[in-house]
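Here are the chains, one letter per residue:
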Amino acid sequence: MKKHYIEIDENNYVTKAFSGAFEQPTETSICVNENGGRHFNLELSNKEGLRKQWIGGQLVDAPPPIAALKENKLSELDIYYRSDATRLLTITGDVNGDVVLSLDDKTMSLLEKKVNHLQLKVKHNTEVDPHFNYYPNGHHVTVTLTQLEALFIACHNILESNYTIWREHIIAIKALTVREDIINYDITNGYLTNRNMDLT
């Protein structure tokens, strides 16, 4: 038979569980079973988000600490902010049909380069076609320089606005102190989503 051990943090949440068959305990290790099997596979948390805690000499399922809830909520916020939910722009009125543009870093960089290139040609009195083809995210759009400039500004404004909202959410979540408020906090509120730009 082997002894089973756990280690806990300052709030008595279990941070580690192991069997004496594979690891020697330290002075901070707590023996929870003196007659256990060779293996000790303790799940430190479950699907409901409850975590193992050492209370009164027993292992119990307990809600995670406030800090862990905030960390999880901030992680959810980051995933949402970087998803298509906040980064889509539908271009309507194009001769090739509507185009849904995902405003990722690569798309924005290529769009900015295209605008700068054409503006430079105009500045040096180089002939620029009144209409030209633009291929964002593999789609086909026929635009004028003015429309392309407006498209870039619209994309930039969406990203800038949503970045501000994202930062405000981070500040708000970090300021929360009530468990239920953290759990129920709406990370989707305030973003510019489902935006449209009409080329006509």
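Note that the structure is a prediction, hence the values are computed from the model and not measured. (Residues numbered from 1 in each chain as written. Predicted model: local features only at pLDDT ≥ 70, side-chain atom pairs only at ≥ 80, totals over all residues. Heavy atoms only, no water.)

S.K.: Even after reading the chapter, I still don't get the confidence of the model for the protein chain, so can you show me in this structure?
M.R.: When pLDDT drops low, the exact placement of atoms in the prediction is not to be read closely. For the protein chain, the mean per-residue pLDDT works out to 83, and 83% of the residues sit at or above 70. At the level of individual helices and strands, the protein chain shows its lowest average pLDDT in strand S8 (residues 132-134), which scores 58, and its highest in strand S1 (residues 2-8), which scores 95. (pLDDT = per-residue confidence, 0-100. Helix = DSSP H or I, 4+ residues; strand = E, 2+ residues; numbered from the N terminus.)

S.K.: Explain the packing of aromatic side chains to me, please; I cannot follow it from the model alone.
M.R.: To describe a pair of aromatic rings, one takes the distance between the centres and the angle between the planes. Counted by the stated rule, this structure contains 5 aromatic pairs. Taken together, a centroid distance of 4.5 Å and an interplanar angle of 5° make the contact between tyrosine 81 and tryptophan 166 stacked. Of this pair, tyrosine 81 sits in helix H1 (residues 66-81) while tryptophan 166 sits in helix H3 (residues 145-175), and the two are 85 residues apart along the sequence. Through pairs of rings, three or more aromatic residues link up here, namely Tyr80, Tyr81, Tyr163, Trp166 and Tyr191. Taking NZ or CZ as reference, arginine 167 lies 5.8 Å from the ring centre of tryptophan 166, over its face. (Phe/Tyr/Trp six-rings, centres within 6.5 Å; stacked < 30°, edge-to-face > 60°. Lys NZ or Arg CZ within 6 Å of the ring centre and 35° of its normal.)

S.K.: I would appreciate a short explanation of the sheet that holds strand S3 (residues 30-36) in the present structure.
M.R.: The pairing of strands in a sheet happens through backbone hydrogen bonds and is either parallel or antiparallel. On the basis of which strands lie adjacent, the open sheet formed by 3 strands has the order S2-S1-S3 and antiparallel pairing. Because the sheet does not close on itself, it has two edges, and the strands there are strand S2 (14-19) and S3. Neighbour to neighbour, the strand axes of the sheet diverge by 15° on average, direction disregarded. (Pairing = 2+ DSSP bridges. Axes fitted to C-alpha atoms, helices over the stretch in contact; angles between N-to-C directions.)

S.K.: When you look at unusual backbone geometry in this model, what are you seeing that I'm missing?
M.R.: Glycine aside, residues mostly have negative phi, and peptide bonds are mostly found in the trans state. Unlike most non-glycine residues, asparagine 12 shows phi in positive territory, near 70°. Here asparagine 12 lies in the loop between S1 and S2. Judged by relative accessible area, which is 29%, asparagine 12 ranks as partly exposed. (Buried < 20%, exposed > 50% of the residue type's maximum accessible area, 1.4 Å probe, protein only.)

S.K.: For this particular structure, what's the right way to read the packing of H1 against H3?
M.R.: Between H1 and H3, whose axes approach to 10 Å, the crossing angle comes to 170°. Classified by the angle their axes make, H1 and H3 are roughly antiparallel. The residues of H3 that touch H1, namely those facing Lys70, Lys73, Leu74, Leu77, Asp78 and Tyr81, are Asn162, Tyr163, Trp166, His169, Ile170, Ile173, Lys174 and Ala175. Grouping the amino acids of the contact of H1 with H3 by side-chain chemistry returns 8 nonpolar, 2 polar and 4 charged. (Parallel < 35°, antiparallel > 145°, perpendicular 65-115°, else oblique. Contact = heavy atoms within 4.5 Å. Nonpolar A, V, L, I, M, F, W, Y, C, P; charged D, E, K, R; others polar.)

S.K.: What's the story with H1 in this structure? I'm lost.
M.R.: Residues three or four positions apart in an α-helix share a direction because the helix packs 3.6 residues into each turn. The terminal C-alpha atoms of H1, which comprises 16 residues, lie 22 Å apart, in line with the 22 Å expected from a rise of 1.5 Å per residue. Burial in H1 covers these residues: Ala68, Leu69, Lys70, Lys73, Leu77, Tyr80 and Tyr81. Contacts from the buried residues of H1 go to strand S4 (51-55), H3 and helix H4 (179-183). (Expected span 1.5 Å × (residues − 1).)

S.K.: How do you make sense of the layout of surface pockets when you look at a structure like this?
M.R.: The rolling of a water-molecule-sized probe over the atoms marks out the regions of remaining empty space. When its volume is computed, the largest pocket comes out at roughly 250 Å³. Taken together, 15 residues line the largest pocket, and the ones lying closest to its centre are Gly49, Pro64, Ala68, Leu69 and Asn72. Of all the secondary-structure elements, those providing two or more residues to the lining of the largest pocket are H1 and H4. With 6 residues, H1 is the largest single contributor of residues to the lining of the largest pocket. (1 Å grid on protein atoms, 1.4 Å probe; cavity = no way out; pocket = protein on both sides within 12 Å on 5 of 7 lines; lining within 4 Å. Points joined across faces, edges and corners; volume = space filled by probe spheres on them.)

S.K.: Mind showing me how you'd approach the environment of glycine 20 here?
M.R.: Considering the arrangement of structural elements, one finds glycine 20 in the loop between S2 and S3. Through-space distance from the C-alpha of glycine 20 to that of glycine 37 is 9.6 Å; in sequence the pair is 17 residues apart. Apart from residues no more than four positions distant in its own chain, glycine 20 is found in contact with Lys3 and Tyr5.

S.K.: What exactly am I supposed to notice about the side chain of serine 19 here?
M.R.: Within the secondary structure, serine 19 is located in strand S2. For serine 19, a relative accessible area of 4% gives the class buried. Dropping the residues within four chain positions of it, serine 19 is found in contact with Lys2, Lys3, His4, Gly37, Arg38, His39 and Phe40.

S.K.: I would appreciate a short explanation of the environment of histidine 4 in the present structure.
M.R.: Position of histidine 4 relative to the elements: it lies in strand S1. In contact with histidine 4, not counting residues within four places along its chain, are Phe18, Ser19, Ile30, Cys31, Val32, Asn33, Gly36, Gly37, His39 and Phe40.

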